[in-house]
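Here's the letter readout for the chains.
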Amino acid sequence: GRLARQRLDNGAAVAVVAIDPSSPHTHGAILGDRIRMDAIADDPRLFIRSLASRGANDGLADNIADVLATLDGHPFDEVILETVGVGQAEYAVRSLTDTLVLVLVPESGDQIQAMKAGMLEMADIYVVNKADLPGAQKVASELKAVVKLRQRLAADWEPPVIMTGSPGTNDVATLNEAISRHLAFVQRTRNEDDVRRVRREYHLKSLLTRSVADILAK
């Protein structure tokens, strides 16, 4: 909610798509994101849509490519996509986003080693949330070590490590500025044909996976 407010204050029309995990028993989801964003939910430049993961195993929803394609046809300047919590191998969101922000909390310290071969190396910006809790600085230090390793492999973008959640700080403003810098970097350096190809491949695979699941369910 605070980040969406910052993007709105930048003058952008923003869509927020938030994915919540589906219950394996009821197949429903809480979808409480609009309630948590109540302070800005009435802004006419903001669209909020909550989705259930519906059994998708990549941190996304099985129809997310269709949803994003639909939003592309509307006058939104940006889409903020919040995934279900992801792990080492669940990095499909990399194919769909321009800027990938990985949010960790102090309790994530033991997960960082396991994530090094996957999502951790995909992120463009690292955020340590709840930075006032014990262990936050340790997580930030480990992330900075990962950044140094990545810089030896590819020196085009240095992912920042940002601490958020500390009272009385401009933490979300810092995150907002980092996102803007990365989006500008992407616009200067990326190959649009490659981006479209990767996203079409993901969309096709998601349609095939959904069709197979529907056939097996009958």
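Whatever comes next refers back to the structure up there.
A brief structural summary.

Conventions used here
Residues numbered from 1 in each chain as written. Predicted model: local features only at pLDDT ≥ 70, side-chain atom pairs only at ≥ 80, totals over all residues. Heavy atoms only, no water. Axes fitted to C-alpha atoms, helices over the stretch in contact; angles between N-to-C directions. Helix = DSSP H or I, 4+ residues; strand = E, 2+ residues; numbered from the N terminus. Parallel < 35°, antiparallel > 145°, perpendicular 65-115°, else oblique. Left-handed = near helix turned anticlockwise from the far one by under 90°. Contact = heavy atoms within 4.5 Å. Nonpolar A, V, L, I, M, F, W, Y, C, P; charged D, E, K, R; others polar. Phe/Tyr/Trp six-rings, centres within 6.5 Å; stacked < 30°, edge-to-face > 60°. Buried < 20%, exposed > 50% of the residue type's maximum accessible area, 1.4 Å probe, protein only.

With that settled, the discussion passes to the packing of helix H1 (residues 2-9) against helix H7 (residues 171-189). Here H1 crosses H7 at 60°, and the two axes come no closer than 9 Å. Looking at the two axes, H1 sits oblique to H7. With respect to the hand of their crossing, H1 and H7 are arranged in right-handed fashion. In this structure, H1 contributes Arg2, Leu3, Gln6 and Arg7 to the contact, and H7 contributes Asp171, Val172, Ala173, Leu175, Asn176, Ile179, Ser180 and Leu183. Classifying every residue of the contact of H1 with H7 gives six nonpolar, three polar and three charged.

Our next topic: the packing of aromatic side chains. In the structure shown here, the tally under the stated rule is two aromatic pairs. A centroid spacing of 5.9 Å and a plane angle of 40° characterise the contact between phenylalanine 47 and phenylalanine 76, whose relative ring orientation is tilted. A residue pair is termed long-range when its members are at least 10 positions apart, and phenylalanine 47 in strand E2 (residues 46-52) and phenylalanine 76 in the loop between helix H3 (64-72) and strand E3 (78-82) qualify at 29 residues. Accessibility expressed as a relative area gives 34% for phenylalanine 47, which makes it partly exposed.

When you line up the elements, valine 67 lands in helix H3. With relative accessibility at 18%, the residue valine 67 sits in the buried group. Each C-alpha atom, one on valine 67 and one on valine 17, is 8.7 Å from the other, the two residues being 50 residues apart in sequence. Apart from residues lying up to four places away in sequence, valine 67 is in contact with Val17 and Leu51.

Shape is all these values report; function is a separate question.
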